[in-house]
Amino acid sequence: MTANRPAIALVLGLLAAFAVVIPLVWVINTQDWGILMMFVAPFAVYGLIRLGRRLAEWAGVGPPPPSY
């Protein structure tokens, strides 16, 4: 199971990114009120970055912890 974790994390991350970005872009592009979603976009990207880091930790392929 641990050998498959990086692949599973990659697939889950890509699915989450498509599930968040595609509807967000569609609303911004097609709706009159979609420009208000521009204020939501940075938070969505931040959430995707956090999700990616957690998936990398779960898969065991993340960057090493900082040593002070």
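Draft legend 1. Molecular detail of the overall build of the chain. A tally of helices and strands in the chain yields two helices and zero strands. Taking 68 residues into account, the globule formula puts the C-alpha radius of gyration at 11 Å, and the chain, at 15 Å, lies well above it. The principal-axis extents of the C-alpha atoms in the chain amount to approximately 45 × 30 × 10 Å. Total accessible area computed for the chain in this model is approximately 5,600 Å², and 72% of it derives from carbon and sulfur atoms.

Draft legend 2. Spatial organisation of the packing of helix α1 (residues 5-30) against helix α2 (residues 41-59). It is at 9 Å that the axes of α1 and α2 come closest, and there the two elements cross at 170 degrees. On the basis of their axis angle, the class for α1 and α2 is roughly antiparallel. Every residue of α2 that contacts α1 at Arg 5, Pro 6, Ile 8, Ala 9, Leu 12, Gly 13, Ala 16, Ala 17, Val 20, Val 21 and Leu 24 is listed here: Ala 41, Ala 44, Leu 48, Leu 51, Leu 55, Trp 58 and Ala 59.

Draft legend 3. A look at the UniProt feature "transmembrane region" (unreviewed entry) in the chain. When the UniProt feature table is mapped onto this chain, "transmembrane region" (unreviewed entry) is found at residues 7-27 and 33-49. Summarising residues 7-27: 100% helix, 0% strand, and an end-to-end C-alpha distance of 30 Å.

Draft legend 4. Spotlight on the environment of Ala 16. By the element assignment, Ala 16 lies in helix α1. Remark: the alpha-carbon pair of Ala 16 and Leu 51, spanning 35 residues in sequence, is separated by 8.7 Å. For Ala 16, the contacting residues outside a window of four places in its chain are Leu 48 and Leu 51.

Draft legend 5. Quick look at a nonpolar patch on the surface. Together, Ile 8, Val 11, Leu 12, Leu 15 and Trp 58 make up an exposed nonpolar region whose accessible area comes to about 430 Å². With four residues, α1 is the single largest residue contributor to the nonpolar patch. Within the secondary structure, Val 11 is located in helix α1.

Draft legend 6. Geometry of α1. Relative to the 38 Å expected for 26 residues at 1.5 Å per residue, α1 spans 37 Å between its end C-alpha atoms, a close match to the ideal helical length. Regarding α1, the residues found buried are Ala 9, Ala 16, Leu 24 and Val 27. Looking at the buried positions of α1, the neighbouring elements they touch are α2.

What counts, and where the lines are drawn
- Residues numbered from 1 in each chain as written.
- Predicted model: local features only at pLDDT ≥ 70, side-chain atom pairs only at ≥ 80, totals over all residues.
- Heavy atoms only, no water.
- Helix = DSSP H or I, 4+ residues; strand = E, 2+ residues; numbered from the N terminus.
- Rg over C-alpha atoms; globule rule 2.2 N^0.38 Å.
- Areas by Shrake-Rupley, 256 points an atom, 1.4 Å probe, with all protein chains shown as cover.
- Axes fitted to C-alpha atoms, helices over the stretch in contact; angles between N-to-C directions.
- Parallel < 35°, antiparallel > 145°, perpendicular 65-115°, else oblique.
- Contact = heavy atoms within 4.5 Å.
- UniProt positions renumbered as here; feature names shortened; annotations may be inferred.
- Patch = residues over 30% accessible without salt bridge, like charges linked within 9 Å, V, L, I, M, F, W, Y side chains within 5 Å.
- Salt bridge = Lys/Arg side-chain N within 4 Å of Asp/Glu carboxyl O.
- Expected span 1.5 Å × (residues − 1).
- Buried < 20%, exposed > 50% of the residue type's maximum accessible area, 1.4 Å probe, protein only.

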